[in-house]
Amino acid sequence: MSMSIASHAFSLSSVPKCSHEGQKERANMALTFDKYKGRLQMLPKERGWITGNLYMYQGFWHQSMRIISIETVMALQDTFKAHPTDIYLATLPKSGTTWLKALVFAIVNRNRYKNNSLSTHPLLISNPHNCLPFIETEIYRHTPTYAKAHSPRLFATHIPYISLPQSILQSNCRLIYLCRNPKDVLVSMFHFANKLRDKSGSLLTFEEAFELFSNGFMPIGPYWDHIKGYHKVSSEHPGKVLFLTYEDMKTDTLNHVKRVAKFLGYPFTEKEETEGAVQEIIRLCSFENLSEVNKHGNLREGIPNDAFFRKGEVGDWTNHLTNEMSQTLDRITREKFHGLDISFN
């Protein structure tokens, strides 16, 4: 299910201008970009997918002057305060973020909306990204998503583990990491980037996207290093970080939804399982349901809702990669993940 947030798409110009909240967000972004712009001058840079350049920071490539950007990461490291009851979802872009957001929101809030008409459930009237925000967007909000007493706070992030704010790293909050086959990530990123590139310029060719990706040059990449960072801490602290693959989630959604619920401290009761509560959440968060709900409208950041729902398939890469490209990525993945229990079956 290729439903990952297009973090790299959110620019200052995409934040709504008309509302008081939107004006405050634009002002906050402008101040942040100005505060950290001097630190970018000495950083390595490479060609970007959507914007002109990617900048290397703490071993990873980031876009600049976007909502989810190198400046945002720096600002979060300086100011973000985690709560011990927080729940975080971490992914690379185009790795199933939207689906995971929907599932976790539905699991944690299932009793809250139990007696509501199904048609009024937040996931059937709003985008999952509105229901479960990124910390990268939260930092610019004039009005916080959660009241001070709200628990747990649900957040997502694309930030590499090494670059997470210290308050998250030092807290006891739980984190779920979802990753996906590199070939499908590449294909999904390619399609999404071309939707968002400046139409006055040329589109990326798939060959160009392949070269960038295979050399590690992608927003929040290198792909392999991002995954290895979260896999390492999951192996060392399995009670803190739950490591999942998109392919396993698709193959056995029922048991993985129960696994996620148990990890988060919201296990399904025997009665709930008997009454079909797990299946109900799976149906609610299905690609078919969510894509239908999000046919129209935009996120607050100006990105069309339907941009996050392309195909939702495993293995679409076979329609794009040549045999040589496939073998190249297989070789790189074997080398990068050597000795690690990471597979995309």
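This text follows the structure it describes.
In what follows, the accompanying structure is described. Since we're looking at a predicted model, the values are computed, not measured.

Tallying secondary structure elements over the protein chain gives 15 helices and seven strands in all. Taking all contacts inside the protein chain whose residues are at least 6 apart in sequence as the whole, residues at least 24 apart take part in 73%. Total accessible area on the protein chain stands at roughly 15,200 Å², and carbon and sulfur atoms take up 51% of it.

What follows covers the environment of Met-42. Its location among the elements puts Met-42 in the loop between helix H1 (20-40) and strand S1 (45-47). Judged by relative accessible area, Met-42 falls into the exposed class, the value being 76%. Residues Met-42 and Met-56 lie 14 residues apart in sequence; the distance between their C-alpha atoms is 9.8 Å.

Moving on, we come to the packing of helix H11 (residues 253-264) against helix H13 (residues 277-284). Packing of H11 against H13 leaves a shortest axis separation of 10 Å and a crossing angle of 105 degrees. Classified by the interaxial angle, the pair formed by H11 and H13 is roughly perpendicular. Contacts between H11 and H13 involve Thr-253, Leu-254, Val-257 and Lys-258 on the former and, on the latter, Val-278, Gln-279 and Ile-282. Here the residues of the contact of H11 with H13 sort into four nonpolar, two polar and one charged.

Pro-152 follows Ser-151 through a cis peptide bond whose omega is -5 degrees. Positionally, Pro-152 belongs in the loop between helix H5 (135-138) and strand S5 (154-157). Of the consecutive residues Gly-221 and Pro-222, the connecting peptide bond is found in the cis state with omega at 10 degrees. Position of Pro-222 relative to the elements: it lies in the loop between helix H8 (206-214) and helix H9 (223-236). Phi is positive for Met-65, which is not a glycine, with a value near 60 degrees. One non-glycine residue, Lys-94, lies in positive phi territory at about 65 degrees. Residue placement: Lys-94 occurs in the loop between strand S4 (87-91) and helix H3 (97-108). Under the relative-accessibility criterion, Lys-94 is labelled buried at 1%.

Attention now moves to the side chain of Ser-326. With respect to the helices and strands, the residue Ser-326 is situated in helix H15 (residues 323-336). Contact partners of Ser-326, with chain neighbours within four places excluded, come to Lys-183, Trp-317 and Leu-321.

Turning next to the nonpolar core. Core analysis: the biggest nonpolar cluster contains 100 residues, and Trp-49, Val-104, Ile-176, Tyr-177, Tyr-223 and Ile-227 have the highest contact counts within it. Ranked by residues supplied to this core, first place goes to H3 with nine residues. For Ile-227, the contacting residues outside a window of four places in its chain are Leu-92, Tyr-177, Cys-179, Phe-243, Phe-337, Ile-342 and Phe-344.

Procedures and definitions
Residues numbered from 1 in each chain as written. Predicted model: local features only at pLDDT ≥ 70, side-chain atom pairs only at ≥ 80, totals over all residues. Heavy atoms only, no water. Helix = DSSP H or I, 4+ residues; strand = E, 2+ residues; numbered from the N terminus. Contact = heavy atoms within 4.5 Å. Areas by Shrake-Rupley, 256 points an atom, 1.4 Å probe, with all protein chains shown as cover. Buried < 20%, exposed > 50% of the residue type's maximum accessible area, 1.4 Å probe, protein only. Axes fitted to C-alpha atoms, helices over the stretch in contact; angles between N-to-C directions. Parallel < 35°, antiparallel > 145°, perpendicular 65-115°, else oblique. Nonpolar A, V, L, I, M, F, W, Y, C, P; charged D, E, K, R; others polar. Core = buried A, V, L, I, M, F, W, Y, C linked by side-chain atoms within 4.5 Å.

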